[in-house]
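Overview (structure and organization)
Given next are the chains, with one letter for each unit.
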2 protein chains.
Amino acid sequence: MRIITISREFGSGGRELGKRLAEALEIPYYDKEILYAIAKEGNFNEDYVEEVLQRGLTPNFMPTFGHTFSLGPNPVMENELEIMSLQQKIIENIAQKGDCVIVGRTSGIILEKFRPMKIFVYADMGARLARCRLRGDDVKNLSDKELQKKIQKIDEGRARHQRLFSDKKWGQKENYHLCVNTTGVEIAALVPAVKAYATAWFEQQEAD
Amino acid sequence: MRIITISREFGSGGRELGKRLAEALEIPYYDKEILYAIAKEGNFNEDYVEEVLQRGLTPNFMPTFGHTFSLGPNPVMENELEIMSLQQKIIENIAQKGDCVIVGRTSGIILEKFRPMKIFVYADMGARLARCRLRGDDVKNLSDKELQKKIQKIDEGRARHQRLFSDKKWGQKENYHLCVNTTGVEIAALVPAVKAYATAWFEQQEAD
């Protein structure tokens, strides 16, 4: 089983890398599909699911977890926890189907028992600002400073989200098998080498 | 000019990776040669040079740098500073000769103006202990705990050494272009992919 999970800083091109890598390896690629499946199965609005997954549980609930429970049912938290639980289930179902590339969604943590190859993609802030502008994200009205704030906020959400599931810190190189800095390089040009790396890596794992 | 610098955790196989990568790229490889050149040019004992480069400047001098100077010449510090200065000069001379792979010696920092490709090689402690034992380092009489302490001490020395030259932290992924986790893999199996990655990376830089 060859499962590759990609975590990435916002604007680093990690999604593009994942998509192209899946194409090069001729295996399925999952990203937003997971979000849509959660929305469908849980009967939630897709935007709401995306928002919850991006920011993690509503911060207020976290420090007083037990306390909140003791006040009786809380529909907001119940929804959020259901989304987390569906995410877990859907990602595991995907992995069981076979080889794939999954971008984001804490999938590296959720799929640990499948021994995935974990890649982290990152870049300098300048490169990330430029990439966001280039791909025409919904950022035209933001100054560089505002866009940088938005990028940092999204990454903080990703780190926070991962803390719900694991002590392994998001973005800490020790928790990945390969960390790729995309500053100043075109993703497409790197893909054949990353494919070769992943292939060699899995061959080694299978030899063990 | 294609200069690749490799920083690495002790026991991660970074030196092996560097050597094999240089062979694969058919370019010169430098490591201990730098140390020998410093010893020769400065008329120092090789072991002494190695020790100074491994631990950085004598810690006592650092916090009171100006103060120590004001007490007049200090032969220990003068030697150490001469070693640092020779290291700088020799590494720059090497880079001026052309394409190469340089392992360690803060070369990624020293050679910044040559726009090197910087690789960091790391591994889990368990894998590093095993690699040290396997390559028969002078560690037979050490328990795992003692060997781990030794490994950590060497890495702390490397981090400290780098702090003398730069604010860029040793081992922090942002300061490298590619970070390679060698846990559970044979270095030789990864080399063709790392070569492909480096080749693609330099082609991108040259296109700019």
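Residues numbered from 1 in each chain as written. Chains lettered and ligands numbered in written order. Predicted model: local features only at pLDDT ≥ 70, side-chain atom pairs only at ≥ 80, totals over all residues. Heavy atoms only, no water.

Okay, the relation of the copies chain B and chain A next. Aligned on chain A, chain B shows an RMSD of 0.0 Å; the corresponding rotation is 180° and the shift along the axis is 0.0 Å. The two molecules are tied by a two-fold rotation axis, judged by turn and shift. A symmetric contact is evident, with 100% of the interface residues of chain B recurring at the interface of chain A. (Least-squares fit on C-alpha atoms with pLDDT ≥ 70 in both. Contact = heavy atoms within 4.5 Å.)

Take empty space enclosed by the protein next. Residue and element names in this part refer to chain A. In this structure the tally under the stated criterion is one cavity of 30 Å³ or more. In this structure, the largest cavity encloses a volume near 60 Å³. In this structure, the largest cavity is lined by Ser7, Thr106, Gly108, Ile109, Lys118, Gln162, Lys168, Asn175 and Tyr176. Classifying every residue of the lining of the largest cavity by side-chain character gives two nonpolar, five polar and two charged. (1 Å grid on protein atoms, 1.4 Å probe; cavity = no way out; pocket = protein on both sides within 12 Å on 5 of 7 lines; lining within 4 Å. Points joined across faces, edges and corners; volume = space filled by probe spheres on them. Nonpolar A, V, L, I, M, F, W, Y, C, P; charged D, E, K, R; others polar.)

So, about the interface of chain B and chain A. Taken together, the contact between chain B and chain A spans 26 residues of the former and 26 residues of the latter. In total, chain B and chain A occlude about 2,200 Å² of area from one another, counting both sides; carbon and sulfur atoms represent 55% of this. Three residues, Lys173, Tyr197 and Gln204 of chain B, lead the burial of chain B against chain A; their summed loss comes to 27% of the area buried on that side. One can count zero salt bridges joining chain B with chain A. Taken together, the links from chain B to chain A amount to 13 residue pairs in polar contact (both at pLDDT 80 or more). Looking at the side of chain B that touches chain A, the elements that each hand over two or more residues are strand E4 (117–122), strand E5 (178–181) and helix H9 (187–207) of chain B. Among the elements that line the side of chain B that touches chain A, the one with the most residues is H9 of chain B, at ten residues. Classifying every residue of the side of chain B that touches chain A by side-chain character gives 15 nonpolar, six polar and five charged. (Buried area = accessible area lost by both parts, 1.4 Å probe. Salt bridge = Lys/Arg side-chain N within 4 Å of Asp/Glu carboxyl O. Polar contact = N/O pair within 3.5 Å; in protein donor to acceptor, adjacent residues only side chain to side chain. Helix = DSSP H or I, 4+ residues; strand = E, 2+ residues; numbered from the N terminus.)

Turning next to the pattern of salt bridges. If charged atoms from side chains of opposite charge come close, those side chains can pair. By the definition in use, this model includes 30 salt bridges over all chains. The closest approach of N and O atoms between Asp155 of chain A and Arg128 of chain A, which form a salt bridge, is 2.4 Å. In this pair, Asp155 of chain A sits in helix H8 (residues 144–165) while Arg128 of chain A sits in helix H7 (residues 125–134), placing the two residues 27 residues apart along the sequence. Each member of the pair, Asp155 of chain A as well as Arg128 of chain A, carries the same accessibility label: buried. The closest approach of N and O atoms between Glu41 of chain B and Lys89 of chain B, which form a salt bridge, is 2.4 Å. Separated by 48 residues along the polypeptide, Glu41 of chain B in helix H2 (residues 32–42) and Lys89 of chain B in helix H5 (residues 75–97) bring together distant segments of the chain. The exposure class of Lys89 of chain B is partly exposed, given its relative accessible area of 40%. Salt bridges sharing partners connect three or more residues here, namely Glu9, Arg128, Asp155 and Arg158 of chain A. (Buried < 20%, exposed > 50% of the residue type's maximum accessible area, 1.4 Å probe, protein only.)

Purely geometric numbers; function is a separate question.
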